Amino acid sequence: MTTEAVTITVKRVAGSRNLLTAGVLVAICLVFTVLSPFFLSQANWINTSTTMTQILLLGIGQTYVIIARGIDLSAGATLSLSGMVSGAVMYNLFAPYDTVPEGTAALVGIIIALAVGLLVGLVNGFLIAYLKIPAFVATLGMLGIASGASYLLTNGQSLSGIPPIIGEVGNHNVVGWIPVPVIITAVVTVIAWYVLSQTRFGERTYLLGDNPDAVIRAGVNDRRHLLTVYAISGLLAGLAALVAMGRLSTASPTAGSGAELQAIATVVIGGASLYGGRGTIGGTVLGAAIVTVLLTGLIIIGVPPFWQVITVGIVLIAAVFLDQQKEIRAARK
Amino acid sequence: MSLALRDVSRTFGGVRALTDVSLEVNRGEVVGLVGDNGAGKSTLLKIVAGVIQPTGGDILVDDLPVSFHSPHDAREAGISAVYQDLALAPQRDVVSNFFIGKEMLRSGFAGKVLRRLDRPVMRQRVVSELNRMKTTLPNIDAEVRYLSGGQRQSLAIARAASWCERVLLLDEPTSALGVAQQAEVLSLITRVAETGIGVLFVSHQMADVLAVCDRIVVLRLGKVVAQINAKTTSPEELISYITGAATPLNTDTTEK
């Protein structure tokens, strides 16, 4: 085979990876449609798409991190902590929301949630990029710290006393079909796609994951870049916390527990490589859709909820296995 | 001359790695640097590349003394190096690899505010640079991992030469390659020199050094034992200097 032919094949393979993921998604949807008449209902669409926003927001942050050859195990715990700190501040400062307008209280809460997420991300990035602590260890430690801290705030209780407007907006569906969180997530997704695939920052994220030494030798400030990547993941976890609060009208210390598994599964199902340098936002969107449809579909057909986590775990391992087999076959050719 | 070393020495602890090394690399000239393991080739290369600093002697660039405190200083002075690991990103295409750390942005709002890469211009630049060095890569949109070893080496050399103004340092560029690929890389080295860049070519392979170099500097135990005109020497003569069988009496036999 000439190199030109190889390249064309490679491009086809890369494109076909997303096509394959989309095919699996359609197949899963078909199975659920057959198993339950409720699957294609408006109510299930709204529930599924809103659930997907939280998974996709964490997945997008995780996409950047994984492409840069890292991992963020603290994403779910960061979500919990951002929501709890935000909820606690709004409740303790402003409840019962008669001294200041509800909107102002909510705005403060929004800023706090994003700030807490960003701060956790910056701490992760600092530990990993500057103190050279392996990403797995740093973010595993942060998982413990952030989830413990979110329980501490209220002794493990949920906070339902947040401004009602957050729940109203979070559950509002534009023209009856498009939940507000979906719109927010769509905007974030487009920006994330643009930055990753069209800008110098995105280019360097791929290069850094592919060969860090090459980037460092070229004189790029690799540490600042890595810090930014983890900050993005943290910030998006803060945004995901707001989406979660909006959906449930509650801040809960368990809002993000286990979400890191979903986020990592999302990215890997989307075709990213845990060895860095490979992955796309488009793939992550498809991965998030698969994970979400599995979660909500299993509930609809009456499978006990504990099976959800088991399923996501199996799909994660299967996706990695299949990608590795493909790589091995490609290498043999 | 483009680059000159005058009595450069380097000690590590009490060990003398280099003793009073003097050599020159002129524009458009390929200078071979040969020697046995431990002769000081790597140390010399690292000094010229700014990775380590000499403990004595001077480095002159266009007859002006310079001191390099980092590879960045050396690059600023127009001296770049290609090491054996090549520093390529295997899963990115040739264009991306050509521009690592030097990615070009679009002009105007798209570049300044939206930070958008200018891939068409980057791609065009790669095509014209490869043409200028009269070298070809089968497909510059291919991921580097699908290139052969020789093509990767050629890419790394072309990239460095493209950003390099004076002297290109090559560390064993042909040692891991097959015969056909060695020929490919050697002819690229010749053409890089034809563009007016000086090349310092470190190698173990006598045949390769003799094929492309104008002059060959032999290091032995940290000292220059011979500077030989490559056109008039033989592998046997080189090896006798490298091993110490021949004495350094006829140092500087080359006509300047």
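Residues numbered from 1 in each chain as written. Chains lettered and ligands numbered in written order. Predicted model: local features only at pLDDT ≥ 70, side-chain atom pairs only at ≥ 80, totals over all residues. Heavy atoms only, no water.

Participant: Would you take a moment to explain the interface of chain B and chain A for this structure?
Facilitator: On the chain A side, the residues contacting the 29 residues of chain B number 27 residues. Buried area between chain B and chain A, both sides added, is near 2600 Å², and the carbon and sulfur share of it is 46%. If you sort the residues of chain B by the area they bury against chain A, Gln-91, Arg-92 and Glu-103 of chain B come out on top, with a joint share of 22%. In this structure, the salt-bridge partner of Arg-119 of chain B is Glu-203 of chain A, at a minimum N-O distance of 2.8 Å. At the junction of chain B and chain A, the tally comes to 18 residue pairs in polar contact (both at pLDDT 80 or more). Grouping the constituent residues of the side of chain B that touches chain A by class yields 14 nonpolar, four polar and 11 charged. (Contact = heavy atoms within 4.5 Å. Buried area = accessible area lost by both parts, 1.4 Å probe. Salt bridge = Lys/Arg side-chain N within 4 Å of Asp/Glu carboxyl O. Polar contact = N/O pair within 3.5 Å; in protein donor to acceptor, adjacent residues only side chain to side chain. Nonpolar A, V, L, I, M, F, W, Y, C, P; charged D, E, K, R; others polar.)

Participant: I tried to follow the sheet that holds strand β3 (residues 30-35) of chain B on my own but got confused; where do I start?
Facilitator: Sheet strands pair via backbone hydrogen bonds, and the direction of the pair is either parallel or antiparallel. Residues and elements named next belong to chain B. Here we have six strands laid out as an open sheet, ordered β6-β7-β8-β3-β9-β10, and mixed in their pairing. Of all the strands in the sheet, the pair left with one neighbour each is β6 (79-82) and β10 (223-229). Averaged over all adjacent pairs, the angle separating strand axes in this sheet is 20°, with direction ignored. By the bridge criterion, four bridges tie β6 to strand β7 (residues 167-171) in an arrangement that is parallel. Pairing of Val-82 across the sheet is with Leu-170, part of β7. Contacts from helix α6 (residues 149-163) reach β6 and β7 within the one sheet, and its direction differs from that of β6 by about 170°. Sheet strands in contact with helix α9 (residues 235-243) are β3, β9 (215-220) and β10, and its direction is about 25° off that of β9. (Pairing = 2+ DSSP bridges. Helix = DSSP H or I, 4+ residues; strand = E, 2+ residues; numbered from the N terminus. Axes fitted to C-alpha atoms, helices over the stretch in contact; angles between N-to-C directions.)

Participant: Honestly, the confidence of the model for chain B in this entry has me stumped. Any pointers?
Facilitator: Interpretation of this model should avoid reading the predicted coordinates in detail wherever pLDDT is low. Residue and element names in this part refer to chain B. On average, residues of chain B score 89 in pLDDT, and 96% of them reach the 70 mark or higher. Highest mean pLDDT in chain B belongs to helix α3 (residues 94-98) (95); lowest belongs to α9 (88). Segment residues 251-256: pLDDT under 50, and 10 contacts once partners within four positions in sequence are set aside and those in other chains are kept. (pLDDT = per-residue confidence, 0-100.)

Participant: Would you mind showing me how to read the pairing of β10 of chain B here?
Facilitator: Residues and elements named next belong to chain B. Of all the seven residues making up β10, six are buried; the element is thus mostly covered by neighbouring parts of the structure. Bridge count between β9 and β10: six bridges; the pairing is antiparallel. Directly across from Arg-215, in β10, lies its bridge partner Asn-229. The turn linking β9 back onto β10 is made up of two residues, and Leu-221 within it adopts a positive phi angle of 50°. (Buried < 20%, exposed > 50% of the residue type's maximum accessible area, 1.4 Å probe, protein only.)

Participant: I would appreciate a short explanation of the packing of helix α7 (residues 180-198) of chain A against helix α8 (residues 200-210) of chain A in the present structure.
Facilitator: The relative placement of two packed helices is expressed as an angle between their axes plus a distance between the axes. Residues and elements named next belong to chain A. It is at 5 Å that the axes of α7 and α8 come closest, and there the two elements cross at 65°. Taken together, the axis directions place α7 and α8 in an arrangement best described as roughly perpendicular. In this structure, α7 uses Val-195, Leu-196 and Gln-198 to contact α8, whose residues at the interface are Arg-200, Phe-201, Gly-202, Glu-203, Thr-205 and Tyr-206. Split by residue class, the contact of α7 with α8 holds four nonpolar, three polar and two charged. (Parallel < 35°, antiparallel > 145°, perpendicular 65-115°, else oblique.)

Participant: Can you help me understand the packing of helix α2 (residues 42-67) of chain A against helix α10 (residues 222-248) of chain A in this one?
Facilitator: Residues and elements named next belong to chain A. At a closest axis distance of 7 Å, the pairing of α2 and α10 adopts a crossing angle of 170°. On the basis of their axis angle, the class for α2 and α10 is roughly antiparallel. Listed contacts from α10 to Asn-47, Thr-50, Thr-51, Thr-53, Gln-54, Leu-57, Leu-58, Ile-60, Gly-61, Gln-62, Tyr-64 and Val-65 of α2 are Val-229, Tyr-230, Ile-232, Ser-233, Leu-236, Ala-237, Leu-239, Ala-240, Val-243, Ala-244 and Arg-247. Split by residue class, the contact of α2 with α10 holds 14 nonpolar, eight polar and one charged.

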